[in-house]
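Observations on the three-dimensional arrangement
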Amino acid sequence: MSFALNLLTIVAVVAGAFFFLAGTVGLLRFPDTFTRLHALTKADNLGLGLVVLGLLPHVDGVLAGLKLIAIWLLVLLSSAAASQLVARAARQRDPDA
Amino acid sequence: MMALLNAGLALLLLALAAWTIAARDAFAAAVGFIAYGLLLTLAWVQLSGIDVALTEAAIGGGLTGALLIGAVARLRSTEAAARAERPGAPSRLLAALVAGVVTVALAICVLTLPDPAPTLAPEVAANIAAAAVGNPITAVLLAFRAMDTLLEAIVLLFALIGVWSLAPDRAWGGRPGPLHRADPNGILAYIARVLPPIGLIVGMYIFWAGADHPGGKFQGATIVAAMWLLVMMAGLADAPPVSRKWLRLGLVAGPLVFIAIGLAGAVSAGAFLAYPEGYAKPLIVAIELALMPTLALILALLLVGAPQRPVPP
C-alpha cells in the first residue's frame, strides 16, 4: 500500500514539475501575449494540481489535505481571473491581435 | 540536496535584486521587486522564520508591490522625459561611490557580528509563560516589546495623515483615489464578489492563529485590506470620504485602546504597558482585536491615496 502511494507521489509530482517546466518554456518561447498566457495557466492549473495530488498521501490528517486542496482551488480562481484581465488589457492595447 | 536548493535560492535572490536595480523601465523594476519579495519569503521559510515570511509576503511583496505599481502608473506620463535626462559623469560617479561605501559598511557590520550572535531568545523562552501566549513572536511584540508595536501603529497613522495632506484644498474631506469603473458583469467584479468572503475568513484565521502559531494582526489585516481594495477597484463600493466620523474613529481606535490599556497597566501593574498578573492573555487579545480593524483601514487607505474628489455638500 505504502509502495503504491509513494509511486503515486513520485509520478504525480514529476508530472506536475514537467507541466511547470513546459509552462516556463512556453512563456519564454511563445510569440504573443495570448499564447504565453495559455502556457502559463497550464502550469498553474495542471502543474500545481498534480503536485498537490502527489503530496496528499503524505499529509498528516484530513484537515491538512483539505488545506492543500483549498490552496489549489484558490490558485485556480486567481490565475483564471488574472489571465482574463491580462488578456483584456492586451486586447485593448492592440485590438487586432 | 537542501544546501543546493538554498544556494540556488540565494543566487536567484542576488540576481533578481541586481536585475531590479538595473531595470530601466519603472514598471519592470516594480514587478522585479514583487518577485524579489516572494523569493525572500521562501528564504525566510528556509530560515524557519515563518512569521517574518508571512509578513514579507503580505506587506513586503503584496502591499508594497501594489503601492509601487500605483506609483509607476502615476509617473508614466513623465517617465520618458526623466529617462532622457542623463546625469553628468561627476554625479553618477558620486552616486556609485556613496552606494559602494554603504554596501561595504553594511558588509563589514554583518561580517564582524560576534559569533554566536547576542540573543535574548533564551530569556524570552524562560519568561513566555508570563505572557500567556504560545507564539514567542507575539509574546515579544505585545508583551516584552509592546512599546515598539504601539509606536509602529502610530507611525502608520502618521503615514496616512501624510498621504492625506497631499490633497488639493478643494478635495479636502472628499473621497480618496480615482473613481473605479469596471464592467459589472466582468471578471474583476466577479472575483471581487467571490473572493472577499474567503479572504475575510483567511485573514481572521491568520489573526486568531497568531496567539499560538505564526500569524498575527499585521498579516491578517493586510489580507482584509486587500479584500477591501479589490471591492473598491472593481467599482462595487466607493472609498469613503476621509471626513467621515466612523472612519476617523476607526483609524484611532486601535492605538487609543492600546494606550488606555498601557495607562491602566501603569496604575495596576506598576509600569506603562505592563499587564497585571493573570490578565496578560485577555489584554493582549483585546489590543490585537482593537488594532486589527485600524491596521486594515490604514493599510487599505494608504494604497488608495490622497483625497481627490470633493463630496457635494
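Here the structure is a predicted model, which means the values were calculated and not measured.

Moving on, we get to the overall build of chain A. In terms of regular secondary structure, chain A is built from 3 helices and 0 strands. Reading the secondary structure of chain A in the N-to-C direction produces α-α-α. What you see for chain A is a C-alpha radius of gyration of 16 Å, clearly larger than the 13 Å of a compact globule of 97 residues, by over 25%. By principal-axis analysis of the C-alpha atoms, chain A measures approximately 55 × 25 × 10 Å. Burial analysis of chain A (97 residues in total) assigns 11% to the buried set. In chain A, 62% of the contacts between residues at least 6 apart in sequence involve partners at least 24 apart.

For chain B, the count of helices and strands is 11 helices and 2 strands. Its helices and strands in sequence order give chain B the pattern α-α-α-α-α-α-α-β-α-α-α-α-β, from N to C terminus. Referenced to the eigenvectors of the C-alpha coordinate spread, the extents of chain B come out at roughly 65 × 60 × 40 Å. Burial statistics for chain B: of 313 residues in total, 27% are counted as buried.

Moving on: the packing of helix 2 (residues 33–55) of chain A against helix 3 (residues 62–93) of chain A. Residue and element names in this part refer to chain A. Where helix 2 meets helix 3, the closest approach of the two axes is 10 Å, and the angle between their N-to-C directions is 180 degrees. Relative to helix 3, the element helix 2 lies roughly antiparallel. Seen from helix 2, the contacting residues are T33, F34, L37, L40, T41, D44, N45, L48, G49, V52 and L55; seen from helix 3, they are L68, I69, W72, V75, L76, S79, S83, V86, A87 and A90. Residues that form the contact of helix 2 with helix 3 fall into these classes: 14 nonpolar, 6 polar and 1 charged.

Counting all residues, the mean pLDDT for chain A is 88, and 97% of those residues have values of 70 or more. When pLDDT is averaged over each helix and strand of chain A, the minimum, 88, is found for helix 2 of chain A and the maximum, 90, for helix 1 (residues 2–29) of chain A.

Next up on the list: the interface of chain A and chain B. At the junction of the two partners, chain A supplies 4 residues and chain B supplies 4 residues. Taken together, the residues of the side of chain A that touches chain B sort by class into 3 nonpolar, 1 polar and no charged.

Looking at the assigned domains, one finds that chain B contains domain 1 (1–87) and domain 2 (135–313). In terms of residue class, the side of domain 1 of chain B that touches domain 2 of chain B is built from 7 nonpolar, 3 polar and 1 charged.

Residue and element names in this part refer to chain B. Mean pLDDT over chain B stands at 88; residues scoring 70 or higher make up 100%. When pLDDT is averaged over each element of chain B, helix 4 (residues 89–111) comes out on top at 93 and helix 5 (residues 121–131) at the bottom at 78. Interface confidence for the predicted complex, given as ipTM, is 0.82, next to a pTM of 0.86.

Moving on, we come to the nonpolar core. With 54 residues, the main nonpolar core has B:A143, B:A221, B:A225, B:L295, B:A296, B:L299 and B:A300 as its most contacted residues. Of all elements in the fold, only helix 3 (50–84), helix 6 (136–144), helix 7 (146–164), helix 8 (187–209), helix 9 (217–233), helix 10 (245–268) and helix 11 (280–304) of chain B reach the threshold of two or more residues within this core. A total of 16 residues in this core trace back to one element, the largest contributor, which is helix 11 of chain B. Taken domain by domain, this core gets at least three of its residues from each of domain 1 (1–87) and domain 2 (135–313) of chain B. If sequence neighbours within four positions are ignored, B:A296 has contacts with B:A221, B:V224 and B:A225. Listed in part, the 5 residues of the second largest apolar core include A:F19, A:A43, A:V51 and A:V52.

Within the element layout of this structure, B:G250 appears in helix 10. When the C-alpha atoms of B:G250 and B:A81 are compared, they prove to be 42 Å apart, with 169 residues separating the residues in sequence.

A few words on unusual backbone geometry. Residues and elements named next belong to chain B. Here the phi dihedral of S48 falls at roughly 65 degrees; this positive angle occurs in a residue that is not glycine. Residue placement: S48 occurs in the loop between helix 2 (26–46) and helix 3. Overall, S48 belongs to the exposed group, with 10 C-beta atoms counted inside 10 Å.

Structurally, the position occupied by B:I259 is in helix 10. Taking the C-alpha atoms as reference points, B:I259 and B:L42, separated by 217 residues in sequence, lie 36 Å from one another.

Calculation notes
- Residues numbered from 1 in each chain as written.
- Chains lettered and ligands numbered in written order.
- Predicted model: local features only at pLDDT ≥ 70, side-chain atom pairs only at ≥ 80, totals over all residues.
- Helix = DSSP H or I, 4+ residues; strand = E, 2+ residues; numbered from the N terminus.
- Rg over C-alpha atoms; globule rule 2.2 N^0.38 Å.
- Buried ≥ 20, exposed ≤ 12 C-beta atoms within 10 Å, placed from the backbone.
- Contact = placed C-beta atoms within 7 Å.
- Axes fitted to C-alpha atoms, helices over the stretch in contact; angles between N-to-C directions.
- Parallel < 35°, antiparallel > 145°, perpendicular 65-115°, else oblique.
- Nonpolar A, V, L, I, M, F, W, Y, C, P; charged D, E, K, R; others polar.
- pLDDT = per-residue confidence, 0-100.
- Domains from an automatic or database assignment.
- Core = buried A, V, L, I, M, F, W, Y, C linked by C-beta atoms within 7 Å.

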